[in-house]
Amino acid sequence: MAPTIAPVPKDLKKRFQTPRQEMPAQDPIARGKNFQEVTLGLEAEAAKLEAYRCIYCKEPECVQGCPVGIDIPGFLHEVEKGNFAEALGILKSTNLLPAICGRVCPQEEQCESLCKTGKSKGNRPVAIGRVERFLADWERAGGIAKPVEVAPPTGKKVAVVGSGPAGLACAADLAKLGHKVIVFEAFHKPGGVLVYGIPEFRLPKAIVAKEIANLEKMGVDIVCDFAVGLTATIEDLQKAFDAIFVATGAGLPYFMDLPGENLGGIYSANEYLTRVNLMGAFDPEHNDTPVVRGKNVVVVGGGNVAMDAARTALRLGAEKVRLVYRRSHDEMPAREEEIEHAEEEGIDFTLLTTPVRYLGDDKGRVVAVECRKMELGEPGPDGRRKPVEVAGSEHQFPADVVVVSIGNGPNPLVPRTTPGLETKKGKIVARDGSGRTSMKGVFAGGDIVLGAATVILAMGAGRQAAASIHEYLQTGTW
Amino acid sequence: MELLKQSFELLEKRELAPKVNLYKVRAPQVARARKAGQFVIIRVCEGSERIPLTIADADPVAGTVTLVVQEVGSTTARMAQVKVGERFADLLGPLGAPTHVAKIGTVVCVGGGIGIAPVHPIAQALKAAGNRVIGVLAARNTGLLFFRDEMRKACDEVRVWTDDGSEGKKGLATDAIKEIQAEVGQIAEVVAIGPVPMMKFVSKLTKELGIKTQVSLNPVMVDGTGMCGGCRVSVDGKSKFVCVDGPEFDGHQVDFDELSRRQAIYKEDERRAMERLVKEVR
């Protein structure tokens, strides 16, 4: 949808003078002991004020910064007037999962980084993500929005493999276009990384469930406990579906191959977060799945997942959580807001440091991490300065839990069981913009193609794939 | 292809030995897709763990899979409480790489205790591929043995060994292998499944004897699709994920001691989960 271009309002100065509305949040000390959501969301009046900060740019660059091209000025202008239902309609015409995106998108690098309000002296960008979240929460709390219109059935069937952000976004668009969509999920609950990876305190699971229920209302069927590649192969699915979208994600945790890495108490971030988030290990009164609750926890890595793991460890009762990262603060891939939240809660950032081996007791449990100091050398191919180990700088930290959070490779199930599918380094090869793979009728997108990325990039890929699947279903040309 | 929501109804339940139950579960897609050596992950009910269980048998026509489970902790105890006609919350599979089946000659399939169940479909597949299959059932005593008839059907010959001599010959699985080797000469391969110490000692012996040996590992696992890395095990000095790289590995290269230690990580938590179960049952 083309972004709204409205006449420039006369009260520009007043708009510029309105301060960015701060996000209310739980007290840092209190929240470090519970799993409830950290940020509390804007109230309606604050959301209206925040939307009022939009200055009606002639060419709204914020839209270009959004991987799914939401008509941002359009919904902001409606919020400003208090027309929340209309605003939500505009938002949902391009993004059916606003409660999720409003919470986990890196807006500061996307829409908000291009906001003209934020470019003016002494001013900060419109908090687009916060307004988006407000609208989604308003709807969930009982506000009335128009139901999503679904086109008449086309008679075509599409299988979506994986129910993470890419799969859900693709399913939503295809259902809207009238295609029958069945989503396959290997876990017992749909949502992918949204339910197993992102902690409750950042994205409450009830919200994910509600967004997924909305998809089901549009006619999307979700089949859990079904591992495509094993329960049925892609070839099997081809017999029953007109097209297939593979969105199985990056779910093969990397380890560093260090001595002692298989000691008890050393987890991949995936395992640690899955035990806590999906399997409910934070609530042992109601769940059997255990997780080792350490006094001294060391988290290795500097991305969003590392922040999630560190903050989770704190909430599980750790006395000291140390985040060990081999570069400096500036190179950390995590969102600034996540880093700030972690710092406020008391996570110890041990930077320019890397683990070199793990030490265990006679029962095979980890008791300490040996680390080496690092220095930043010349910039590498990615432009970031390369860390170099400092000889003779070995030192140890006590640790009864270690969470290795250094990234993930592509999930191997579909590539290994689909002989005709072209892959490169385990990732599925898909054409830019269309998601078409080497197999006719089979599309792929999200982390299985991109490598571990963000929720919104995966959703963008899902939406692009939906558009090209729709075209393929109509024309039959490959 | 069946695409409807699945329900995993318990159709039949039988006690094979004290605390060892056979469960026949409706799971048509798994029954159709499974091959020898593969396993499933089951979740008994809301709030219970995901545990891996090897498929002991399957009937693709009836759409059922058979699991043989020993009650060792809270989840397997919970499983034992499910009645015929009730449903398991979840059953995912078939998982893992299937057994590599080829015609290689005389193969000895050793099932130690509860390991008799997972070795059964492998024996079937190896026999179907034209091998001479000698089955060995080994347990502490006669009360812990089961699947005698099933294994006789699956193998060319079955030998029974017990630690106390209460059935068959007195001795361990390793004694059985020594005896067979003395009789038949060349054993092409040993497949050994059972408790970790049994697999460890069988592998140690067959390494000395120069017999290729496959073992099937059953470590702590969460997702079963390669996502969590919880099931990692050292094989030939390298970390492998049992759920996608296994469950079968060359017994001569597995670090069994590390595996034992990793299996014991949650002993304390297990006690807590058991207390919760007892409270619920009361």
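Cut-offs applied
- Residues numbered from 1 in each chain as written.
- Chains lettered and ligands numbered in written order.
- Predicted model: local features only at pLDDT ≥ 70, side-chain atom pairs only at ≥ 80, totals over all residues.
- Heavy atoms only, no water.
- Helix = DSSP H or I, 4+ residues; strand = E, 2+ residues; numbered from the N terminus.
- Rg over C-alpha atoms; globule rule 2.2 N^0.38 Å.
- Buried < 20%, exposed > 50% of the residue type's maximum accessible area, 1.4 Å probe, protein only.
- Contact = heavy atoms within 4.5 Å.
- Areas by Shrake-Rupley, 256 points an atom, 1.4 Å probe, with all protein chains shown as cover.
- Lys, Arg positive; Asp, Glu negative; His and termini not counted.
- Charge placed at Lys NZ, Arg CZ, Asp CG, Glu CD.
- Pairing = 2+ DSSP bridges.
- Buried area = accessible area lost by both parts, 1.4 Å probe.
- Salt bridge = Lys/Arg side-chain N within 4 Å of Asp/Glu carboxyl O.
- Polar contact = N/O pair within 3.5 Å; in protein donor to acceptor, adjacent residues only side chain to side chain.
- Axes fitted to C-alpha atoms, helices over the stretch in contact; angles between N-to-C directions.
- Domains from an automatic or database assignment.
- Expected span 1.5 Å × (residues − 1).
- UniProt positions renumbered as here; feature names shortened; annotations may be inferred.
- Patch = residues over 30% accessible without salt bridge, like charges linked within 9 Å, V, L, I, M, F, W, Y side chains within 5 Å.
- Core = buried A, V, L, I, M, F, W, Y, C linked by side-chain atoms within 4.5 Å.
- Phe/Tyr/Trp six-rings, centres within 6.5 Å; stacked < 30°, edge-to-face > 60°.
- Lys NZ or Arg CZ within 6 Å of the ring centre and 35° of its normal.

Asker: Is there a simple way to think about the overall build of chain B in this case?
Answerer: Helix and strand content of chain B: 9 helices and 16 strands. Its C-alpha radius of gyration of 18 Å places chain B within 12% of the 19 Å reference for a compact globule of 282 residues. Seen through its C-alpha atoms, chain B measures out along the principal axes to roughly 55 × 40 × 40 Å. For chain B, buried positions account for 58% of its 282 residues. Contacts spanning at least 24 positions in sequence make up 66% of the contacts within chain B whose residues lie at least 6 apart. For chain B, the computed accessible surface area is about 11,500 Å², with 50% contributed by carbon and sulfur atoms. Of the charged side chains in chain B, 40 are positive and 36 negative; the average position of the first set lies 1 Å away from that of the second.

Asker: I tried to follow the pairing of strand S14 (residues 232–235) of chain B on my own but got confused; where do I start?
Answerer: Note on strand geometry: in a regular strand, side chains alternate between the two faces of the sheet. Neither face of S14(B) is left uncovered, since the one carrying Arg232(B) and Ser234(B) and the one carrying Val233(B) and Val235(B) both have all their residues buried. Counted along the chain from S14(B) to the antiparallel partner strand S15 (residues 238–241) of chain B, the turn is 2 residues long, and its residue Asp236(B) has a positive phi close to 55 degrees.

Asker: Would you explain the interface of chain A and chain B in this entry?
Answerer: Quoted interface sizes are often the accessible area lost when the parts come together. The interface of chain A with chain B comprises 54 residues on the first partner and 49 residues on the second. Summing both sides of the interface, chain A and chain B together bury roughly 4,000 Å²; the carbon and sulfur share of this comes to 54%. Its largest share of buried area at the contact with chain B, chain A owes to Asp225(A), Asn262(A) and Asp288(A), together 20% of the area lost on that side. Counting every contact that joins chain A to chain B gives 2 salt bridges. Across the pair Arg78(B) and Asp288(A) runs a salt bridge whose closest N-O atoms are separated by 2.9 Å. Applying the counting rule to chain A against chain B returns 21 residue pairs in polar contact (both at pLDDT 80 or more). Looking at the side of chain A that touches chain B, the elements with two or more residues in it are strand S2 (180–184), strand S3 (221–223), helix H13 (234–240), strand S5 (252–253), strand S6 (266–268), helix H14 (269–278) and helix H17 (413–417) of chain A. Here the side of chain A that touches chain B takes 4 residues from H14(A), the largest share from any one element.

Asker: Could you clarify how one ought to interpret the sheet that holds strand S16 (residues 248–250) of chain B in this entry?
Answerer: Where strands meet in a sheet, backbone hydrogen bonds hold them as pairs that are either parallel or antiparallel. Residues and elements named next belong to chain B. Reading across from one edge, S11-S10-S9-S8-S12-S13-S16 is the order of the 7 strands in this open sheet, with mixed pairing throughout. Strands at the two margins of the open sheet, each flanked by one partner only, are strand S11 (169–170) and S16. Pairing of strand S12 (residues 189–193) with strand S13 (residues 213–216) involves 3 bridges; the strand directions are parallel. In the strand pairing of S13, Val191 is matched with Gln214. Relative to the sheet, helix H6 (residues 196–209) contacts strand S8 (106–112), S12 and S13, its axis offset from that of S12 by approximately 165 degrees.

Asker: I keep staring at the pattern of salt bridges and nothing clicks. Help me out?
Answerer: Side chains that differ in charge, positive against negative, can pair when their charged atoms come close. Residues and elements named next belong to chain A. This structure, assessed with the given rule, holds 51 salt bridges over all chains. Its salt-bridge partner being Glu139, residue Lys92 comes within 3.0 Å of it at the nearest N-O pair. Placement of Lys92 in helix H6 (residues 84–94) and of Glu139 in helix H9 (residues 128–140) is noted, with a sequence separation of 47 residues between them. The exposure class assigned to Lys92 is buried, which follows from its relative accessible area of 9%. Arg202 is the salt-bridge partner of Glu338, the closest N and O atoms lying 3.3 Å from each other. Of this pair, Glu338 sits in helix H16 (residues 336–345) while Arg202 is found in the loop between helix H11 (193–196) and helix H12 (205–217), placing the two residues 136 residues apart along the sequence. The exposure classification of Glu338 matches that of Arg202, with both residues buried. One salt-bridge network, in which partners are shared between bridges, spans Arg31, Glu108, Arg202, Asp308, Arg311, Arg315, Arg335, Glu337, Glu338, Glu344 and Glu345.

Asker: Please explain the sheet that holds strand S9 (residues 348–350) of chain A as it appears in this structure.
Answerer: Residue and element names in this part refer to chain A. In space, the 5 strands of this open sheet follow the order S6-S14-S7-S8-S9, with parallel pairing throughout. The open sheet has two edge strands, S6 and S9, and neither has a second partner. Put simply, the sheet's adjacent strands are angled 20 degrees from each other on average, direction ignored. Note that S6 and strand S14 (residues 401–404) share 3 bridges and pair parallel. Bridge pairing in S14 places Ile266 opposite Val402. Contacts from helix H15 (residues 304–315) reach strand S7 (296–300), strand S8 (320–324), S9 and S14, with the element oriented near 170 degrees to S8.

Asker: I keep staring at the domain arrangement of chain A and nothing clicks. Help me out?
Answerer: Residues and elements named next belong to chain A. Split by domain assignment, chain A resolves into domain 1 (11–141), domain 2 (157–251 + 410–475) and domain 3 (255–404). Between the C-alpha centres of domain 1 and domain 2 the distance comes to 28 Å. Summing the contributions of domain 1 and of domain 2, the shared interface buries around 2,100 Å²; its carbon and sulfur component is 73%. At the surface where domain 1 touches domain 2, the tally comes to 7 residue pairs in polar contact (both at pLDDT 80 or more). Elements that contribute at least two residues to the side of domain 1 that touches domain 2 include exactly H6 and helix H7 (98–104).

Asker: Hey, could you run me through helix H19 (residues 455–475) of chain A in this one?
Answerer: The α-helix winds at 3.6 residues per turn, so residues separated by three or four positions along the chain end up facing the same way. For H19(A), built from 21 residues, the straight-helix expectation of 30 Å at 1.5 Å per residue is met to within 8% by its first-to-last C-alpha distance of 30 Å. Of all 21 residues making up H19(A), 15 are buried, and the element is well covered by its neighbours.

Asker: Could you clarify how one ought to interpret H6(B) in this entry?
Answerer: All names here are of chain B. A rise of 1.5 Å per residue sets the reference length of H6, with its 14 residues, at 20 Å; its end C-alpha atoms lie 20 Å apart and thus fit the reference within 8%. Within the span of H6, buried status applies to Val196, Met198, Met199, Val202, Ser203, Leu205 and Thr206. If you follow the buried residues of H6, they end up packed against S8, helix H5 (173–184), S12, S13 and helix H8 (256–263).

Asker: Please clarify how the UniProt feature "domain: Dihydroprymidine dehydrogenase" (unreviewed entry) in chain A should be interpreted in this entry.
Answerer: Sequence positions flagged by UniProt for "domain: Dihydroprymidine dehydrogenase" (unreviewed entry) are, in local numbering, residues 32–141 of chain A. Within residues 32–141 of chain A, the helical portion is 52% and the strand portion 0%, while the C-alpha atoms at the span's ends are 26 Å from each other.

Asker: How should I be thinking about the UniProt feature "domain: FAD/NAD(P)-binding" (unreviewed entry) in chain A in this particular structure?
Answerer: Here, UniProt's "domain: FAD/NAD(P)-binding" (unreviewed entry) annotation points to residues 156–461 of chain A. Between the C-alpha atoms that bound residues 156–461 of chain A there is a distance of 21 Å. The span itself is 27% helix and 26% strand.

Asker: What should I look at first to understand a negative patch on the surface in this one?
Answerer: Taken together, the side chains of Asp330(A), Glu336(A), Glu340(A) and Glu343(A) define an acidic patch exposed on the protein surface. Along the chain, Glu343(A) turns up in helix H16.

Asker: How should I be thinking about the nonpolar core in this particular structure?
Answerer: Soluble, globular proteins show a tendency: their nonpolar side chains are buried together. In terms of nonpolar packing, the biggest core is built from 79 residues, with Ile72(A), Phe75(A), Leu76(A), Val79(A), Leu135(A), Phe245(A) and Ile469(A) touching the most fellow members. The dominant element in this core, judged by the number of residues it contributes, is H19(A), at 9 residues. The residues that make up this core include at least three from each of domain 1 (11–141) and domain 2 (157–251 + 410–475) of chain A. Formed by 55 residues, the second largest nonpolar core is a distinct cluster that contains Phe255(A), Leu258(A), Val108(B) and Met198(B).

Asker: Sorry if this is basic, but what is going on with the side chain of Ser74(B) here?
Answerer: With respect to the helices, strands and loops of the structure, Ser74(B) is situated in helix H2 (residues 74–81). On the accessibility criterion, Ser74(B) (0% relative accessible area) is buried. What Ser74(B) contacts, discounting residues up to four positions off in sequence, is Asp288(A), Glu270(B), Ala273(B), Met274(B) and Leu277(B).

Asker: Where do I start with the environment of Val161(A) in this structure?
Answerer: Residues and elements named next belong to chain A. In this fold, Val161 is placed in strand S1 (residues 157–161). Sequence separation of Val161 and Ala171 is 10 residues, and the distance between their C-alpha atoms is 10.0 Å. If near-sequence neighbours (up to four positions away) are discounted, Val161 is found in contact with Phe184, Val228, Ile234, Leu237, Ile244, Phe245, Val246, Ala247 and Thr248.

Asker: What is the right way to look at the packing of aromatic side chains in this model?
Answerer: Here a ring pair, both rings aromatic, is described through the centre-centre distance and the interplanar angle of the planes. Throughout the structure, instances matching the rule amount to 14 aromatic pairs over all chains. When the ring of Tyr267(A) is compared with that of Tyr272(A), the centres are 5.5 Å apart and the planes differ by 50 degrees; the resulting orientation is tilted. As far as the burial class goes, Tyr267(A) and Tyr272(A) line up, both buried. Measuring from centroid to centroid gives 6.2 Å for Tyr23(B) and Phe88(B), while their planes differ by 70 degrees, and the two rings are edge-to-face. Residue Tyr23(B) is located in strand S2 (residues 20–26), and its partner Phe88(B) is located in strand S6 (residues 87–88); the two are separated by 65 residues in the primary sequence. The same class applies to Tyr23(B) as to Phe88(B), namely buried. Each member of the aromatic cluster is reached from another via a ring pair, and the members are Phe35(A), Phe201(A) and Phe282(A). Lying over the aromatic face of Phe397(A), Arg322(A) brings its terminal NZ or CZ to 3.8 Å of the ring centre.

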